[in-house]
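# Results of the structural survey
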Amino acid sequence: MQRLRLKADGRIVELRDGGEFPLAPSEAAPAAPLEVRDLRRRVQLTQQEFAAKLGVPVETIRNWEQGKRMPRGPARALLTVIAHAPDTVFAALAKT
């Protein structure tokens, strides 16, 4: 199982062998609306299911995907982690 940590400066690092290893720049958080849609489709969820798993209104997902709004702060970080380890994130969120 891959272990990730969100650093205070917004970077995401992988924890392994007692060290922290930054994720490659090409593995950055979704920036464009289509990338949020692509991420949701990659995890094979509807907008409603994705919103429920993230704990946000479905309108938020729609706004991100249509480019009306962009994910910021914690939401952006969460989407980045989902892009790398969706099963782990959704399992952790299900326990809350």
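Residues numbered from 1 in each chain as written. Predicted model: local features only at pLDDT ≥ 70, side-chain atom pairs only at ≥ 80, totals over all residues. Heavy atoms only, no water.

With that settled, the discussion passes to unusual backbone geometry. A positive phi is found at Asp17, a non-glycine position, where the angle reads about 50°. Structurally, the position occupied by Asp17 is in the loop between β2 (12-16) and β3 (19-22). Judged by its relative accessible area of 76%, Asp17 falls in the exposed class. With a phi close to 60°, Gln44 is a non-glycine residue in the positive phi region. As for its placement among the helices and strands, Gln44 is situated in the loop between α1 (33-42) and α2 (47-54). (Helix = DSSP H or I, 4+ residues; strand = E, 2+ residues; numbered from the N terminus. Buried < 20%, exposed > 50% of the residue type's maximum accessible area, 1.4 Å probe, protein only.)

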